[in-house]
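Structural description and commentary
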Amino acid sequence: MRLSCAGFAGVAALAAAATHQPAVGSRADRVNNVAIIGAGAAGASAAYHLQRYAALEGVPVNITILEKTEHVGGRSVTVNIYDDPALPVEQGASIFVAVNHILYNATERFGLPRSSLRDDEPDDITAIWDGDDIVWQSAAGSSWWWDAARMWWRYGLAPYRAVRLVNDVVATFLRLYEEPHFPFRSLTQRAFELGLHKVTAVTGEQFLAEKNVGGGFASNIMQAATRVNYASNLAHIHGLEAMVSFAAEGAMSVAGGNWRIFDKMVLASGAAVLRNATVASIAFAKGGGDDDDAQKYVVSTRDTGEPSAEARELPTAFDNVIIASPWQFSSIDAAKGVLKHRIDEIPYMKLHVTLFASPFKLRAEHFKLKPGSRAPSNVYTTLAPGEDAGQGPDGVGRTGFYSISTLRRVVNPKTRRREYVYKIFSASAVTPAFLSSILGARVPDTFVGPSSEAAVEAISWFRPHWFHSYPVELPRVTFQDPVVGRGLYYTSGVESFISTMETSALMGMNVARLIADDVAGKRRPEAEGEKTDAQDEL
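The protein appears in an unreviewed UniProt entry as Prenylcysteine lyase domain-containing protein from Purpureocillium takamizusanense. The record in UniProt for the protein states the following under Cofactor (unreviewed entry): "FAD". Recorded in UniProt for the protein, the comment headed Sequence similarities (unreviewed entry) runs: "Belongs to the prenylcysteine oxidase family."

The following block contains the structure:
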């Protein structure tokens, strides 16, 4: 997540909840079996926090994680440049910031070293390009006050208003981490209590205009942020996600891959992990009706890669099941009565992420700069004046991509040449013609990857991939609640509210607290009627 604000009260206070003696005969008297479907940010966080909360409450839990791949971390994916384990690079979820307390605190607790997103050099230029002109640029070695002065000179008070607005919105959102707003059984209710429904009800473009942040600053600077973070233009993303896009101060990642956070969480939880286990169905265990408080679930799986194989029931009956991945991509069959609340299907973006290494720098002429000009090292994009702000992939515009970043300089172990590692976000797969144009070096039409000998001179290493990266964040005021059945929880409803590693981890932590409370028989007061200064500002 890309959030930045001061005065955050850490989530550590949540772990200090008072313990209590469970009632005789309650679920707290026996081991509670919990299945978690998915080992991404939400699933790993749910396992880790459930173990901690259960220990605080004095209730025993047995956690089983079912992961359909070999990989822990979900959309946090690391690949190795030149297939060298000493040169890992993020291909999936890339960054978080210090105010993301779940992720940041985990790096502290587990001793995981942090690194910056890119290895910028003093002469690197970061530019925003609209397909015709460079509308803004900043040099890596320039002082912050010089860039700030230039921005104020060009855009007036709009930058100040935008930063204040972002901080106000983020400060309000962060109240979800604190009692009495945490934990929550209804995300919709919390959004209304905190006044955030007024931010999600309108587009980023409308919200900024209402707050007198418009004109060139919105279309040039803030739209570049929504495009690189969510592949969306301001006219087709709700105001809350637009504010999150602009809160990227202090971006960092974990050295060796962000997946290490979630791997450590899973290990610390003591959960049993079944990998390559695709969940086929969830049903009620025999011997109890669905109105029985002691009702348990049986989960059936098959080996991933064998869709026609017969599903097998796991030998354990589960008291709780956490569905910690998007339901619409799971193909899980829920038996009659299992889902008390329908899980909405929401449209996801298909984002192409292309990593490659080349001895060539980006070519100035591709960005319509004069031959011999210094080309930018990092390029974010926006729409040109008068260009239609389409939705989803139709909104990429004449630039043809959302961003190109020079991540680092490396030495090719085979040629001993110094090369540049690039990362491209795009709405469709990059083509040889596009690669030829941005590098100024011929990439044959037959190029399909590093095995193509004819293209070795231009591109020595190539790793394309695509993700269902995040939902199309259109305005809305209702959100999928985390409780979808008795003892059945769902985490991905937060994706249409805010879609980040941190918010997925937050929802995992939230359902963990709900389960621990339910098992221990704890009831918490609701947070209705409370209003903050930030809500007045919104």
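That was the structure; now back to the text.
Pairing of side chains with opposite charge becomes possible as their charged atoms draw close. All chains considered together, the criterion is met by 20 salt bridges. For the salt bridge of D124 with R409, the shortest nitrogen-to-oxygen distance reads 2.7 Å. With D124 in the loop between β5 (114-115) and β6 (125-129) and R409 in strand β17 (residues 403-411), this residue pair connects regions lying 285 residues apart in the sequence. The two residues D124 and R409 agree in class, both being buried. Here R312 and D303 are joined by a salt bridge, their closest N and O atoms 3.2 Å apart. A relative accessible area of 35% places D303 in the partly exposed class.

Moving on: unusual backbone geometry. With an omega dihedral of 5°, the bond running from E179 to P180 counts as a cis peptide bond. Structurally, P180 is set in the loop between α4 (158-173) and α5 (187-193). At N212, a position not held by glycine, the phi torsion is positive, near 60°. Position of N212 among the secondary structure elements: in the loop between α7 (204-210) and α8 (215-230). Under the relative-accessibility criterion, N212 is labelled partly exposed at 49%.

The next point concerns empty space enclosed by the protein. On inspection of all chains with the given rule, the structure shows one cavity of 30 Å³ or more. A volume near 80 Å³ is recorded for the largest cavity. Contributing to the lining of the largest cavity are P326, Q328, I343, D344, I346, Y348, R476, Q480, Y490, S492, G493 and S496. Taken together, the residues of the lining of the largest cavity sort by class into five nonpolar, five polar and two charged.

On to the sheet that holds strand β15 (residues 348-358). With mixed pairing, seven strands are arranged side by side in an open sheet as β7-β6-β16-β17-β18-β15-β19. Only two strands of the sheet have a single partner each, and these edge strands are β7 (134-139) and β19 (461-471). For this sheet, the mean inter-axis angle between neighbouring strands, taken without regard to orientation, is 15°. Bridge count between β6 and strand β16 (residues 378-381): four bridges; the pairing is parallel. Looking at β16, one finds that A127 is bridged to V379.

Another aspect to go through is the sheet that holds strand β14 (residues 333-334). Read from one edge to the other, the open sheet built from four strands follows the order β12-β11-β10-β14, with strand pairing classed as mixed. At either end of the open sheet lies a strand with only one pairing partner, and these are β12 (312-313) and β14. Judged from the seven bridges that link them, strand β10 (residues 277-284) and strand β11 (residues 297-303) form a sheet pairing that is antiparallel. Paired with A283 across the strands is V298, a residue of β11.

Okay, a nonpolar patch on the surface next. There is a patch of nonpolar side chains on the surface, built from W152, L157 and Y160 and spanning about 330 Å² of accessible area. Note on placement: W152 falls in helix α3 (residues 144-155). The exposure class assigned to W152 is partly exposed, which follows from its relative accessible area of 43%.

Here we take up the environment of T301. Along the chain, the position of T301 falls in strand β11. Sequence separation between T301 and A311 is 10 residues; the distance between their C-alpha atoms is 5.2 Å. Beyond its immediate sequence surroundings of up to four residues, T301 is in contact with L66, T278, V279, A280, E310, A311, R312 and L314.

Cut-offs and rules
Residues numbered from 1 in each chain as written. Predicted model: local features only at pLDDT ≥ 70, side-chain atom pairs only at ≥ 80, totals over all residues. Heavy atoms only, no water. UniProt positions renumbered as here; feature names shortened; annotations may be inferred. Salt bridge = Lys/Arg side-chain N within 4 Å of Asp/Glu carboxyl O. Helix = DSSP H or I, 4+ residues; strand = E, 2+ residues; numbered from the N terminus. Buried < 20%, exposed > 50% of the residue type's maximum accessible area, 1.4 Å probe, protein only. 1 Å grid on protein atoms, 1.4 Å probe; cavity = no way out; pocket = protein on both sides within 12 Å on 5 of 7 lines; lining within 4 Å. Points joined across faces, edges and corners; volume = space filled by probe spheres on them. Nonpolar A, V, L, I, M, F, W, Y, C, P; charged D, E, K, R; others polar. Pairing = 2+ DSSP bridges. Axes fitted to C-alpha atoms, helices over the stretch in contact; angles between N-to-C directions. Patch = residues over 30% accessible without salt bridge, like charges linked within 9 Å, V, L, I, M, F, W, Y side chains within 5 Å. Areas by Shrake-Rupley, 256 points an atom, 1.4 Å probe, with all protein chains shown as cover. Contact = heavy atoms within 4.5 Å.

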